[in-house]
Amino acid sequence: MTVPAAVIRPARPEDIETLITMIRELAKYEALEHEVRATPELLNLHLFGERPFAEAWIAEAEGEVAGFVLFFHTFSTWRGLPGIYLEDLYVRPAHRGLGLGKALLARLATLALERGCGRLEWAVLDWNAPAIGFYQAMGATPMDEWTVFRVEDSALETLAGQASI
């Protein structure tokens, strides 16, 4: 089933408040709402500032904002090609099951090919069976042999302080 009158478009500065709201909705679903530190000012700077670090697209269904994707470029030294990392894909509950998630992911895959990327990748919480099933149905495969590591906040500052050359 497809959504009539659905549109996927690049996010604009006037979408910032809506993006923040949907980021919080996604975080609440993932029981990680306490982790959200994004502000309208930070999103505006990093999506639309002098040096954008990420891009976002908005999905609209029948004139309502129904979801978004936020992504950025990566690079694979092994493949010698850029890639796209999907940071977040979110469709609001009232619009789920209508094909918007698939449309957002397919549009992002199209963009990856248009930009000469060798891959599209993302992380999924291991308990999120609906998302895992959705992604596998789209042809995605889990990278079971890889473990994601992260350094942030004071650990990032400590590590940076150890730079000697």
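About the cut-offs
- Residues numbered from 1 in each chain as written.
- Predicted model: local features only at pLDDT ≥ 70, side-chain atom pairs only at ≥ 80, totals over all residues.
- Heavy atoms only, no water.
- Helix = DSSP H or I, 4+ residues; strand = E, 2+ residues; numbered from the N terminus.
- Buried < 20%, exposed > 50% of the residue type's maximum accessible area, 1.4 Å probe, protein only.
- Core = buried A, V, L, I, M, F, W, Y, C linked by side-chain atoms within 4.5 Å.
- Contact = heavy atoms within 4.5 Å.
- Phe/Tyr/Trp six-rings, centres within 6.5 Å; stacked < 30°, edge-to-face > 60°.
- Lys NZ or Arg CZ within 6 Å of the ring centre and 35° of its normal.
- Polar contact = N/O pair within 3.5 Å; in protein donor to acceptor, adjacent residues only side chain to side chain.
- Pairing = 2+ DSSP bridges.
- Patch = residues over 30% accessible without salt bridge, like charges linked within 9 Å, V, L, I, M, F, W, Y side chains within 5 Å.
- Areas by Shrake-Rupley, 256 points an atom, 1.4 Å probe, with all protein chains shown as cover.
- Salt bridge = Lys/Arg side-chain N within 4 Å of Asp/Glu carboxyl O.
- Axes fitted to C-alpha atoms, helices over the stretch in contact; angles between N-to-C directions.
- Parallel < 35°, antiparallel > 145°, perpendicular 65-115°, else oblique.
- Left-handed = near helix turned anticlockwise from the far one by under 90°.
- Nonpolar A, V, L, I, M, F, W, Y, C, P; charged D, E, K, R; others polar.

1. Some remarks on unusual backbone geometry
Here's step 1: One non-glycine residue, alanine 31, lies in the positive phi region at around 60°.
Here's step 2: Tracing the sequence through the fold places alanine 31 in the loop between helix H1 (16–29) and helix H2 (40–48).
Here's step 3: Relative accessible area serves as the criterion here: at 59%, alanine 31 is assigned to the exposed category.
Here's step 4: Backbone geometry places aspartate 153, a non-glycine residue, at a positive phi of 55°.

2. Re the nonpolar core
As a rule of thumb, soluble globular proteins bury nonpolar side chains together.
Here's step 1: Core analysis: the largest hydrophobic core is formed by 19 residues, its most contacted members being Val69, Phe71, Ile84, Leu89 and Leu108.
Here's step 2: Elements represented by at least two residues in this core include exactly strand E2 (55–61), strand E3 (64–76), strand E4 (81–91), helix H3 (100–114) and helix H4 (129–137).
Here's step 3: For this core, the leading source of residues is H3, giving six residues.
Here's step 4: Those residues in contact with valine 69 that lie beyond four places of it in its chain are Glu55, Ala56, Trp57, Leu86, Asp88, Leu89 and Leu104.
Here's step 5: Counting 16 residues, the second largest nonpolar core, distinct from the first, contains Leu19, Ile20, Ala56 and Phe68.

3. Re the packing of aromatic side chains
Here's step 1: This model, assessed by the stated rule, comprises seven aromatic pairs.
Here's step 2: Through pairs of rings, three or more aromatic residues link up here, namely Trp122, Phe134 and Tyr135.
Here's step 3: Taking NZ or CZ as reference, arginine 96 lies 5.6 Å from the ring centre of tyrosine 29, over its face.

4. Some thoughts on the environment of glutamate 35
Here's step 1: By the secondary structure assignment, glutamate 35 is in the loop between H1 and H2.
Here's step 2: Residue glutamate 35 is classed as partly exposed on the basis of its relative accessible area, which comes to 43%.
Here's step 3: It is 9.4 Å that separates the C-alpha atoms of glutamate 35 and arginine 24, two residues lying 11 residues apart in sequence.
Here's step 4: A polar contact of 3.3 Å, which involves the side chain of glutamate 35, links it to the side chain of histidine 34.

5. Side note on the side chain of arginine 9
Here's step 1: Looking at the element boundaries, arginine 9 is found in strand E1 (residues 6–10).
Here's step 2: Since its relative accessible area comes to 10%, arginine 9 is described here as buried.
Here's step 3: Among the polar contacts made by the side chain of arginine 9, one reaches the side chain of aspartate 15 at a distance of 2.7 Å.
Here's step 4: With near-sequence residues (within four places) excluded, arginine 9 lies in contact with Asp15, Trp57, Ile58 and Glu60.

6. Considering the pairing of E2
On a regular strand, each side chain points to the face opposite its neighbour's, so the side chains alternate between the two faces of the sheet.
Here's step 1: Where burial is concerned, most of E2 is hidden: five out of the seven residues are buried.
Here's step 2: Where E2 meets E3, seven bridges bridge the pair, whose relative direction is antiparallel. Paired with alanine 59 across the two strands is glycine 67, which belongs to E3.
Here's step 3: In this structure, the hairpin formed by E2 and E3 is closed by a connection of two residues, where glutamate 62 is found at a positive phi of approximately 50°.

7. Observations concerning a nonpolar patch on the surface
Here's step 1: A cluster of nonpolar residues, Tyr29, Leu32, Leu125 and Trp127, forms a patch on the protein surface that exposes about 350 Å² of accessible area.
Here's step 2: Secondary-structure assignment places leucine 32 in the loop between H1 and H2.

8. Notes on the packing of H1 against H2
When two helices pack together, their arrangement is captured by the angle between the axes and the distance separating the axes.
Here's step 1: One can describe the packing of H1 onto H2 by two numbers: an axis separation of 10 Å at closest approach and a directional angle of 110°. What the angle tells us is that H1 and H2 run roughly perpendicular. The hand of the H1/H2 crossing is right-handed. Within the contact between the two elements, H1 uses Ile16, Glu17, Leu19, Ile20 and Ile23 and H2 uses Pro40, Leu43, Asn44, Leu47 and Phe48.
Here's step 2: Per-class residue counts for the contact of H1 with H2 are eight nonpolar, one polar and one charged.

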